[in-house]
Amino acid sequence: MKTHRVLLFVSFIIVLTFSSFIKTDGNFNKDKFVVVLDAGHGGHDPGNLGNGYKEKDIALKIVLEVGRILQKDPNIEVVYTRKKDVFIDLFVRGQIANKANADLFVSVHCNSHSSQAHGTETFVLGTHKNQTNFEVAKKENSVIFLEDDYEKNYAGFDPNSPESVMSILLSQEEYLDQSITLASIIQKKFTHRLKRKNRGVKQAGFIVLHQTVMPSVLVETGFLTYKKEGSYLNSKKGQQQMSSSIANAILEYKRSLDKNVNNFSSDEEVVKELAVEPILGDIVFKVQIAAGSTPLETKPYNFKGLQGVSRLKDGHVYKYFYGATSNYDKIKVLEGEAAEKGYTSSFIVAFKDGKKIALIDALKTTTN
């Protein structure tokens, strides 16, 4: 019975995720790099109240300052899930990001603990490696109980159940590498620039991250329950410093995307054999090796000697793929070849009848 409930929930999540691709009539600029900034909690949900500080207020102030900094770049469009003290359902936050066709989703929070724990940590969606990570996710996911019709909106999802949390991890696999890259840059900024204690990049089952279909991170800026850290985060200086670090991390991440398709040497060895095979079915696997805002010719000298590179425009971002085959074992080999050439963050994607689909669905189809 438990397995049946989990399967029903997974089916709902897949439907919910793909329903989020519906376009909006909003005036989002598709020629820009879109960043959605999410201030955790809000309204009748204060978040944690360690030492009397309000997480919802601190998160909002940090997010607004991050947005102010990013908007100085004319190539960036900033979208907020909230700009004032209001309550926003978790699934709505994801819908805002998806309808904006966002390139990044960054959710900002403050941590709490019964001990003297302190420091920053940034989460990506993934398997919680230990009980501590599960408890952090459970605390943030429990916000759904404050929402109207939460049972309907989340199909029986239970934040207290490890099985429920594990079941939401299937749909973001293709964005994991990029999410980890951004999370690592954020932690580096906190540690090197601000000398904050580094609690690392971690994986856990945050439902707010699951709702999105782009690289997404959840930043725990520190512990309000640790008096010194709570005072720092509640101060104007602390909020400005944390905001500056997050904004600079996002800008560095964006530069890395552009650099990834523009810094290739023309004297790389050219691979003789094309990495494209005859397509035998309606499922096609490719290896995504790069993405950027500038269109680049798919010549081997632009991609470290790799032949069989194709380009696809997705919104305002150009994505580059190595290889094309309906054989999953073959695409795994090509993924290894790409990694050997230096594309260590490459990953496999799947298409059906020319449209991108979740890799897990493609594998189910090819094994039937």
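Residues numbered from 1 in each chain as written. Predicted model: local features only at pLDDT ≥ 70, side-chain atom pairs only at ≥ 80, totals over all residues. Heavy atoms only, no water.

Visitor: How would you summarise the overall build of the protein chain if you had to cite specific residues and measurements?
Guide: Across its full length, the protein chain holds twelve helices and eleven strands. Within the protein chain, the proportion of its 368 residues that are buried is 52%. Sequence-distant contacts in the protein chain: of pairs separated by 6 or more residues, those separated by 24 or more amount to 80%. Accessible area of the protein chain: about 16700 Å², with a carbon and sulfur share of 51%. (Helix = DSSP H or I, 4+ residues; strand = E, 2+ residues; numbered from the N terminus. Buried < 20%, exposed > 50% of the residue type's maximum accessible area, 1.4 Å probe, protein only. Contact = heavy atoms within 4.5 Å. Areas by Shrake-Rupley, 256 points an atom, 1.4 Å probe, with all protein chains shown as cover.)

Visitor: Explain the sheet that holds strand β1 (residues 33-39) residue by residue, including any values.
Guide: Pairing in this open sheet of six strands is mixed, and the strands run β2-β1-β3-β6-β4-β5 from one edge to the other. Two strands close off the open sheet at either side, each with one partner strand: β2 (76-80) and β5 (198-204). Going from strand to strand, the sheet's axes swing by 20° on average, the running direction of each strand aside. Looking at chain direction, β1 and β2 are connected through five bridges and run parallel. When the sheet's bridge partners are listed, Phe-33 is paired in β2 with Ile-76. (Pairing = 2+ DSSP bridges. Axes fitted to C-alpha atoms, helices over the stretch in contact; angles between N-to-C directions.)

Visitor: Break down the packing of aromatic side chains for me, with residues and values.
Guide: Counted by the stated rule, this structure contains three aromatic pairs. With 5.3 Å between their ring centres and 65° between their planes, Phe-285 and Tyr-328 make a pair best called edge-to-face. Note that Phe-285 is positioned in strand β7 (residues 283-292) and Tyr-328 in helix α11 (residues 328-340), a separation of 43 residues in sequence. Of the residues examined, Phe-285 reaches a relative accessible area of 0% and is grouped as buried. Ring centres of Phe-303 and Tyr-320 lie 5.1 Å apart, and the angle between their planes is 40°; this geometry places the pair in the tilted category. With Phe-303 in the loop between β7 and β8 (309-314) and Tyr-320 in strand β9 (residues 317-325), this pair connects stretches of sequence that are 17 residues apart. Summarising the burial analysis for this pair, Phe-303 and Tyr-320 share the class buried. (Phe/Tyr/Trp six-rings, centres within 6.5 Å; stacked < 30°, edge-to-face > 60°.)

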